[in-house]
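If you want the building blocks of each chain, they are given just below.
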Amino acid sequence: AQLIESGGRLVQAGDSLRLSCGGVGHTFGTYAMGWFRQAPGKEREFVAGVNRDGVDARYGDSGRGRFAISRDLVKGTVYLQMNNLRPEDTAVYYCAADADYGKLFLGGACEYWGLGTQVTVSS
């Protein structure tokens, strides 16, 4: 089973971007899912997470108020809508999934991870 992210690209400051993540070889519809990011020279940080029902969503400080996470329970996919992007949002964005919602908030100790998609925001 694998998670695959898509949607990352080069954008300008102030632009919006939507990332998508889906599973291959496994349906993640019953898993909590989330997004993390890692910029060069920095540690991986939590961006957003959503529980398996799609009812509860939480955000890290970096994206709160600008980013929105959502999911399609049927498809088992998760999305990250990013608005008003800033150069400091430049990073590789990773999708993660775990049966335990709490794992998303424990330093990223999730069972499944994608390979990441690059988001670059130019000033």
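All of these numbers come straight from a predicted model, not from anything done at the bench.

K.L.:
How do you make sense of the environment of Val 74 when you look at a structure like this?
P.N.:
Within the fold, Val 74 resides in the loop between strand E7 (67-72) and strand E8 (77-82). A C-alpha to C-alpha distance of 17 Å links Val 74 and Asp 56, two positions 18 residues apart in sequence.

K.L.:
Would you mind going over the nonpolar core with me for this structure?
P.N.:
Within soluble globular proteins, side chains that are nonpolar generally end up buried alongside one another. By size, the foremost hydrophobic cluster in this structure holds 26 residues, and its most contacted members are Trp 35, Leu 80, Met 82 and Tyr 93. Going through the elements one at a time, strand E3 (17-24), strand E4 (32-38), strand E5 (45-50), E7, E8, strand E9 (91-98) and strand E11 (117-122) are the ones with two or more residues in this core. Broken down by element, the residue count for this core peaks at 4 residues, all from E9. Not counting the four nearest positions on each side in its chain, Tyr 93 is found in contact with Glu 5, Leu 19, Trp 35, Phe 36, Arg 37, Val 47, Phe 67, Leu 80, Met 82, Gly 116, Thr 117 and Val 119. Formed by 7 residues, the second largest nonpolar core is a distinct cluster that contains Phe 36, Tyr 101, Leu 104 and Cys 110.

K.L.:
What's the story with the sheet that holds E8 in this structure? I'm lost.
P.N.:
Paired through backbone hydrogen bonds, the strands of a sheet run either parallel or antiparallel to each other. Taken together, the 4 strands give an open sheet; going across it, the order is E1-E3-E8-E7, and neighbouring strands pair in antiparallel fashion. Each end of this open sheet is capped by a strand with a single partner; those strands are strand E1 (2-6) and E7. Sheet twist, expressed as the mean angle between neighbouring strand axes with direction ignored, is 20°. Here 5 bridges tie E1 to E3, and the two strands are oriented antiparallel to one another. Paired with Glu 5 across the strands is Cys 21, a residue of E3.

K.L.:
Hey, could you run me through the state of the cysteines in this one?
P.N.:
Any covalent bond linking the sulfur atoms of two cysteines counts as a disulfide. On inspection of all chains with the given rule, the structure shows 1 disulfide. Here Cys 21 engages in a disulfide with Cys 95; their sulfurs sit 2.1 Å apart. Taking the sign of the S-S torsion, about -85° here, the bridge from Cys 21 to Cys 95 comes out left-handed. A residue pair is termed long-range when its members are at least 10 positions apart, and Cys 21 in strand E3 and Cys 95 in strand E9 qualify at 74 residues. The pair Cys 21 / Cys 95 is uniform in exposure class, with both members buried. This cysteine, Cys 110, is not joined by any disulfide, and Cys 95 carries the nearest cysteine sulfur, 9.2 Å off.

K.L.:
Help me out: how do you make sense of the side chain of Thr 77 in this one?
P.N.:
You can see Thr 77 is positioned in strand E8. Within the structure, Thr 77 has its side chain in polar contact with the side chain of Tyr 79 (distance 3.0 Å). The residues touching Thr 77, leaving out its near neighbours within four places in the chain, are Cys 21, Gly 22, Met 33, Ser 70, Arg 71 and Asp 72.

K.L.:
Which parts of the structure should I look at to understand the pairing of E9?
P.N.:
Burial of E9 is extensive: 7 of the 8 residues sit out of reach of the surface. Bridge count for E4 against E9 is 7 bridges, and the pairing is antiparallel. Across the sheet, the residue bridging to Met 33 is Ala 97, located in E9. Direction of pairing for E9 relative to E11: antiparallel, over a ladder of 3 bridges. The partner of Ala 91 across the bridge, within E11, is Val 119. Inspection of the sheet shows E9 paired to strand E10 (residues 112-113) by 2 bridges, in the antiparallel sense.

How each quantity is defined
Residues numbered from 1 in each chain as written. Predicted model: local features only at pLDDT ≥ 70, side-chain atom pairs only at ≥ 80, totals over all residues. Heavy atoms only, no water. Helix = DSSP H or I, 4+ residues; strand = E, 2+ residues; numbered from the N terminus. Core = buried A, V, L, I, M, F, W, Y, C linked by side-chain atoms within 4.5 Å. Buried < 20%, exposed > 50% of the residue type's maximum accessible area, 1.4 Å probe, protein only. Contact = heavy atoms within 4.5 Å. Pairing = 2+ DSSP bridges. Axes fitted to C-alpha atoms, helices over the stretch in contact; angles between N-to-C directions. Disulfide = S-S within 2.5 Å. Polar contact = N/O pair within 3.5 Å; in protein donor to acceptor, adjacent residues only side chain to side chain.

None of the figures reported here should be taken as evidence of function without further support.
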